[in-house]
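Notes for the structure review
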Amino acid sequence: MMRVGHGFDAHRLVAGRRLVLGGVEVPFERGALGHSDADVLAHALSDALLGAAALGDLGGHFPDSDPRWKDADSMRLLAECIAMLRERGYHVLNVDATIVVDRPKLAPYIARMRERIATVLELDLDAVSVKAKTSEGMGYTGDGTGVAAYAVCAIESMGEER
Ligand code: MG
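Report on the accompanying structure. All values derive from a computational prediction rather than experimental measurement. Residues take numbers from 1 onward in each chain, read along the sequence in its written order. It should be noted that, the model being predicted, local features are given only for residues of pLDDT at least 70 and side-chain atom pairs only at 80 or more, the latter also being counted only at that level, while totals for whole chains, interfaces and linings use all residues. Side-chain figures throughout are based on the complete set of non-hydrogen atoms in the structure, without hydrogens or water.

1. A few points about the coordination of the magnesium ion
The condition that has to hold: Note that water is not among the atoms used; donors are N, O and S atoms within 2.8 Å of the metal (3.2 Å for Na, K and Ca), so sites may look incomplete. Exposure classes here rest on a 1.4 Å probe applied to the protein chains alone. A residue is buried below 20% of its type maximum, exposed above 50%, and partly exposed in between.
Coordination of the magnesium ion by the protein involves D9 (OD), H11 (NE2) and H43 (ND1), with metal-donor separations of 2.1 to 2.2 Å. Within one chain, the residues donating to the magnesium ion are spaced in sequence as D-x1-H-x31-H. In this pair, the class of D9 matches that of H11, namely buried.

This is the structure we're talking about:
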């Protein structure tokens, strides 16, 4: 049986923080504010995976009140999520994500993000899609207030013939 999952995340952009997207540090004058490394792409992907398996959400599994996740590498959290799915007999078919922010321009970093995600999820590169969109100056992703990411995934139960 195939299932799909959807995830969304957004973080505020502030001075004095790193901007980490899909495990890749993107040089920029501001970074994403959050308890962990505030990697919106990793968080949206994690929620998509958890959602596909109806396993709740990232905040439920890794609460930001827990000092263990302070400044956590969110790609580690993504790895924890995929491990939860595997324990329940699921494997991932593909993931597709969109990052929304006007600045910085992300095109030079997309390939590395895909590679990082593919490595953590143990997927072929062609099963991992990451896209970057601007919102043309509109709203919090357009005026520099924040960065957002959306993700979907398809997963399948292992050992079940259709
Ligand atoms: Mg988040």
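2. With respect to the nonpolar core
Definition in use: As used here, the term nonpolar core means buried Ala, Val, Leu, Ile, Met, Phe, Trp, Tyr and Cys residues forming a set that is joined through side-chain atoms within 4.5 Å. Strands here mean DSSP runs of E at least two residues long; helices mean DSSP runs of H or I at least four residues long; both are numbered from the N terminus.
Of all hydrophobic cores here, the largest spans 53 residues; its most connected members are L21, M113, I117 and L121. Elements supplying a minimum of two residues to this core: α1 (40–52), α3 (74–87), β5 (90–100), α4 (110–121), β6 (128–133) and β7 (146–157). The biggest single contributor to this core is α1, with 9 residues.

3. Some thoughts on the sheet that holds β6
Filter applied, for reference: A pair of strands is labelled paired if DSSP reports no fewer than 2 bridges between them. Helix axes are fitted to C-alpha atoms over the stretch in contact, other axes to C-alpha atoms as well, and angles between N-to-C directions run from 0 to 180 degrees. Only heavy atoms enter the contact rule, under which two residues are in contact if any of them lie within 4.5 Å.
Strand order in the open sheet formed by 5 strands is β4-β1-β7-β5-β6, and the pairing between neighbours is mixed. Edge positions in the sheet fall to β4 (30–32) and β6, since each has one partner strand and no second. Neighbour to neighbour, the strand axes of the sheet diverge by 20° on average, direction disregarded. Where strand β1 (residues 2–15) and β4 come together, 3 bridges link them in antiparallel fashion. Paired with V14 across the strands is G31, a residue of β4. This element, α4, spans β5 and β6 of the sheet and lies at about 145° to β6.

4. Topic: a nonpolar patch on the surface
Selection criterion: Nonpolar side chains (Val, Leu, Ile, Met, Phe, Trp, Tyr) are joined into patches within 5 Å and like charges within 9 Å, using only residues with over 30% relative accessible area and no salt bridge. Each accessible area is a Shrake-Rupley estimate made with a 1.4 Å probe; only the visible protein chains count as cover when residues are assessed. Should a side-chain nitrogen of Lys or Arg be within 4 Å of a carboxyl oxygen of Asp or Glu, the pair is scored as a salt bridge.
Together, M2, V4 and L93 make up a nonpolar patch on the protein surface, roughly 260 Å² of accessible area in all. By secondary structure assignment, the location of V4 is in strand β1.

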